[in-house]
Amino acid sequence: MKAAYIKQTGPPEVIIYGELPRPQLGASECLVQVAAVDVNPIDVYIRAGMVPAKLNFRYIIGRDLAGTVIETGPKVKQFKTGDRVWVTGQGVGERQGTFSEFAAVDERWLHPTPSAVSDDEMVALSLVAITAHLGLVRDAQLRAGEILFINGGSGGVGSSVVQIAKRLGSKVITTAGSDEKVERCLKMGADHALNYKTQAVDAEIKKLAPEGVNVWWETLREPNFERVIPLLAMRGRMIVMAGRDARPAFPVGAFYTKDCSIHGFAMFNATAEEQHAAALDISAWAAEGKLRVPIDRVMPLSKAAEAHRLQEESTVKRQASLSGKIILNP
Ligand SMILES: NC(=O)c1ccc[n+]([C@@H]2O[C@H](COP(=O)([O-])OP(=O)(O)OC[C@H]3O[C@@H](n4cnc5c(N)ncnc54)[C@H](OP(=O)(O)O)[C@@H]3O)[C@@H](O)[C@H]2O)c1
């Protein structure tokens, strides 16, 4: 089969596109013919060696896929040949990644794809929507009527947070880096979207949430607690999920005297059961056409190195800004 893999970490050019043997099928695994994969910031960090990860070289890159089951192991109970499925969180520990024509995936990680949703749309949602759901529902326990602020509503995670928070009945304030992206956040359901390059965001937040923000979702890798904590409401919750090397100052008094809490999490720690609980809602909302993540471009899998270069320029180097997910088709 064709696959995109690495034999060592390094710049995007270490990605090899070539022939590898099809994976062996384990007893509880499904062999999936991959229709679509996507690129996440974490893929860049791992390929570049920016985060410590135990990789089994040669290592097939990629976390997510959408495709069709073409064979099942003898212990598989939930899926049969012909089922359309999606998955996230592959390429961790012993598991190889997803950037290949075929992937063997344990059935406990697989979710059914609704017929109304394309493979490209489903894979675009996979990691980012599960992340948004875990943070909003499991961790912050966002309630109807609460005010949520999401810093970066135009990104992969951010666009999922905006839409899921609206489904949960909250008032959503967000930011984006251009007027066009602001417009798109409003179309996705945000009540207020601010251009962080041209508007005084904090002054606007104070006007829109005079009692403070109930939940603040930070997507930036440099969380600024001195800025955020004064803008939180009593019992406000903050979600932190990026910035491994960040060491920001922390105003302790302003935090505990308002009974605030901070929730940090990494989606790849979620159990299969936690992922399934999130995936049920995500698939249902996607089937209703109520949850979509913007797609910047679709490329062939053979362009995996170029896709990584584009994602790196946007996420790490901030030299260019993507307008959604990069999808690749084998
Ligand atoms: N912990 C976890 O489980 C988990 C899961 C998924 C992702 N992550 C991490 O979360 C981060 C975001 O991921 P993503 O996939 O959403 O990335 P992304 O699609 O690249 O989105 C980045 C967002 O940040 C915004 N942004 C950039 N500079 C900004 C600034 N100065 N002020 C405000 N907003 C700014 C961008 O806005 P514009 O494009 O409009 O400028 C965009 O909305 C990454 O670091 C990723 O590794 C963590």
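You'll find the structure just up there.
All of the points below concern the structure found in this document. On a predicted model such as this, the values are computed, not experimentally measured, just so you know. (Residues numbered from 1 in each chain as written. Predicted model: local features only at pLDDT ≥ 70, side-chain atom pairs only at ≥ 80, totals over all residues. Heavy atoms only, no water.)

1. Section: the site of the ligand
So, point 1. Neighbouring the ligand are 25 residues, the closest being Ser154, Gly177, Lys181, Tyr196 and Met267.
So, point 2. Taking Gly177, its main chain carries an N or O atom lying 2.8 Å from an oxygen atom of the ligand.
So, point 3. Separating an oxygen atom of the ligand from a side-chain N or O atom of Lys181 is a distance of 2.8 Å.
So, point 4. Coverage of the ligand by the protein chains reaches 84% of its 930 Å² of free accessible surface.
So, point 5. When contributions to the shell around the ligand are tallied by element, the ones reaching two or more residues are helix H1 (41–48), helix H2 (119–139) and helix H3 (156–167).
So, point 6. Taken together, the residues of the shell around the ligand sort by class into 12 nonpolar, 10 polar and 3 charged. (Near = heavy atom within 4 Å. Polar contact = N/O pair within 3.5 Å; in protein donor to acceptor, adjacent residues only side chain to side chain. Areas by Shrake-Rupley, 256 points an atom, 1.4 Å probe, with all protein chains shown as cover. Helix = DSSP H or I, 4+ residues; strand = E, 2+ residues; numbered from the N terminus. Nonpolar A, V, L, I, M, F, W, Y, C, P; charged D, E, K, R; others polar.)

2. Looking at a nonpolar patch on the surface
So, point 1. Judged by side-chain polarity, Phe250, Val252, Tyr256 and Ile262 come together as a nonpolar surface patch covering roughly 370 Å² of accessible area.
So, point 2. As for its position among the elements, Val252 is in helix H7 (residues 252–256). (Patch = residues over 30% accessible without salt bridge, like charges linked within 9 Å, V, L, I, M, F, W, Y side chains within 5 Å. Salt bridge = Lys/Arg side-chain N within 4 Å of Asp/Glu carboxyl O.)

3. Here we look at the nonpolar core
So, point 1. One finds Leu125, Ile130, Leu136, Leu148, Val161, Trp217 and Ile282 to be the most contacted residues of the largest nonpolar core, which totals 45 residues.
So, point 2. Sorting the residues of this core by element identifies H2, strand E9 (147–151), H3, strand E10 (171–176), helix H4 (179–187), strand E12 (213–218) and helix H8 (272–287) as the ones contributing at least two each.
So, point 3. Sort the elements by how many residues they give to this core and H2 lands first, with 11 residues.
So, point 4. Excluding its chain neighbours within four sequence positions, the residues that come into contact with Ile130 are Trp86, Thr88, His111, Leu125, Met267, Gln275, Ala278, Ala279 and Ile282.
So, point 5. Counting 43 residues, the second-largest nonpolar core is a separate cluster that includes Ile15, Phe102, Ala103 and Ala272. (Core = buried A, V, L, I, M, F, W, Y, C linked by side-chain atoms within 4.5 Å. Buried < 20%, exposed > 50% of the residue type's maximum accessible area, 1.4 Å probe, protein only. Contact = heavy atoms within 4.5 Å.)

4. Section: the packing of aromatic side chains
Any aromatic ring pair is given by two values, namely how distant the centres are and how the planes are angled relative to each other.
So, point 1. Summed over all chains, the structure comprises 4 aromatic pairs.
So, point 2. Ring geometry for Phe149 and Trp216: centres 4.3 Å apart, planes at 45 degrees, overall tilted. Remark: Trp216 occurs in strand E12 and Phe149 occurs in strand E9; sequence separation between them is 67 residues.
So, point 3. Of the residues examined, Trp216 reaches a relative accessible area of 0% and is grouped as buried.
So, point 4. Site record: aromatic cluster; members linked through ring pairs are Phe225, Phe250 and Phe255.
So, point 5. Of note, Arg22 hangs over the ring of Phe102, and the distance from its end group to the ring centre comes to 3.9 Å. (Phe/Tyr/Trp six-rings, centres within 6.5 Å; stacked < 30°, edge-to-face > 60°. Lys NZ or Arg CZ within 6 Å of the ring centre and 35° of its normal.)

5. What to know about the sheet that holds strand E13 (residues 232–240)
So, point 1. Here 6 strands make up an open sheet; going across it, the order is E11-E10-E9-E12-E13-E14 and the pairing parallel. A single partner strand is all that each edge strand has here, and the edge strands are strand E11 (192–195) and strand E14 (261–264). Strand-to-strand, the axes of this sheet are offset by a mean angle of 15 degrees, without reference to chain direction.
So, point 2. Here H2 sits on the sheet in contact with E9, E12, E13 and E14, set at roughly 150 degrees to E12.
So, point 3. Seen against the sheet, H4 touches E10 and E11 and runs at an angle of roughly 170 degrees to E11. (Pairing = 2+ DSSP bridges. Axes fitted to C-alpha atoms, helices over the stretch in contact; angles between N-to-C directions.)

6. Section: the pattern of salt bridges
So, point 1. Applying the stated criterion across every chain yields a total of 20 salt bridges.
So, point 2. Residue Lys2 is joined to Glu19 by a salt bridge in which the shortest nitrogen-to-oxygen separation is 2.8 Å. Placement of the pair is Lys2 in strand E1 (residues 2–6) and Glu19 in strand E2 (residues 16–19), with a sequence separation of 17 residues.
So, point 3. Residue class for Glu19 comes out exposed when judged on its relative accessible area of 53%.
So, point 4. The closest approach of N and O atoms between Lys207 and Glu204, which form a salt bridge, is 3.2 Å. Residue Lys207 and its partner Glu204 are located together in helix H5 (residues 201–208), separated by 3 residues, close to a single helical turn.

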